[in-house]
Amino acid sequence: MPSLKEDYDRDGFVIVPGLIPPSLSPSLYASSKRVIAQTRAGQWPHRRTVGKQFPPYDTAHPDSWGVQHLMHPDLGETAFAKWYCSDEVVNVVKELLQCEEDKLQMELFNLLINPSEHAFALRWHRDDVKESATEDEEREALAKWHHGVQWNTALYDDACLFVVPGSHVTPRTSEQRSQSSVLEPPTNPLDMPGAIRVVLKPGESVFYNSNILHTATYSPHERRATLHACMGCTRGGNQRARNILQHGLSWMREDSFAKTLNGLSRAQAMRSRLLEMEGRINGELGYSLD
Ligand SMILES: O=C(O)CCC(=O)C(=O)O
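Residues numbered from 1 in each chain as written. Predicted model: local features only at pLDDT ≥ 70, side-chain atom pairs only at ≥ 80, totals over all residues. Heavy atoms only, no water.

Chemist: Help me understand the layout of surface pockets, please; the structure alone is not making it clear to me.
Modeler: Which parts of space are left empty comes out when a probe the size of a water molecule is rolled across the atoms. Estimated volume of the largest pocket: approximately 280 Å³. In this structure, the largest pocket is lined by 14 residues; those nearest its centre are Leu 245, Gln 246, Gly 248, Glu 284 and Leu 285. For the lining of the largest pocket, the residue count by class is five nonpolar, five polar and four charged. (1 Å grid on protein atoms, 1.4 Å probe; cavity = no way out; pocket = protein on both sides within 12 Å on 5 of 7 lines; lining within 4 Å. Points joined across faces, edges and corners; volume = space filled by probe spheres on them. Nonpolar A, V, L, I, M, F, W, Y, C, P; charged D, E, K, R; others polar.)

Chemist: Sorry, what's going on with the state of the cysteines here?
Modeler: A covalent bond between the sulfur atoms of two cysteines is what we call a disulfide. Inspection of every chain in the model, using the stated rule, returns one disulfide. With its sulfur 2.4 Å from that of its partner, Cys 99 forms a disulfide with Cys 233. Residues Cys 99 and Cys 233 share a disulfide whose torsion about the S-S bond is about 85°; that sign makes it right-handed. Of this pair, Cys 99 sits in the loop between helix 4 (87–97) and strand 4 (104–113) while Cys 233 sits in strand 11 (residues 225–233), and the two are 134 residues apart along the sequence. Take Cys 99 and Cys 233: they sit in the same class, and that class is buried. You can see Cys 160 has no disulfide; the closest cysteine sulfur is in Cys 230, sitting 19 Å from it. With relative accessibility at 12%, the residue Cys 160 sits in the buried group. Counting only cysteine sulfurs, Cys 99 is the nearest neighbor of Cys 230, a cysteine outside any disulfide, at a range of 13 Å. (Disulfide = S-S within 2.5 Å. Helix = DSSP H or I, 4+ residues; strand = E, 2+ residues; numbered from the N terminus. Buried < 20%, exposed > 50% of the residue type's maximum accessible area, 1.4 Å probe, protein only.)

What follows is the structure in structure tokens.
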């Protein structure tokens, strides 16, 4: 039987069931409903705005496709941090990254939701490699992207994400390059050579290398509430800094955030490692994608 890690290393993604423990499930669903309602009511400013694919997100559009910063102290929803640093999640991350407990780094935790009224789609992208990268630049960037993992955990049925298996280690073919260089979302994501749709049942998670070639489509008619997070291993040094810090994590420095992690010693240690990385950065990092 191939291990999770073998599948993940080969394909760039792997689906894992059952990572929401029954003890946390009711509060995760309830917290998610509350933060979605707040975001749609315009009461939570940190959101992914329809029409804007990558950070910095703006406020130009009233509709949202994501709720940012679920662990932010102003949301007061402690279930999110409890789950983020739960054994269920962390054991998978440790295996996929081959990362020891004392090197885990806290990163992003957001919620992907269906827009209320407007269909939206992302263009094909890798999270930290620009579409204009040459083949050599792409090869070099992919070769070092081993120190973090991203995942989507579906609270409801979710078929929004499309990936090209294996593309986390392979530069784009000329056809893939031409389809991912257009700054418009694809009409049909399955026109991309090698693309597959990732279909998740409630409670299933897809762990993926965020530099896999991927896209997603969002319909206002299909409910989506999918936990979307990433975690790093400090062995990567500052490699992940731009991709992570571009989302604006200064609130993680605040005592008010530290207080919400009382009793969660693993999360506290992971937060410290993120702040150590942030402290090593001098100057502007800019954004991963334009
Ligand atoms: O909606 C998704 O599942 C993917 C989101 C995505 O591609 C991203 O955040 O870069």
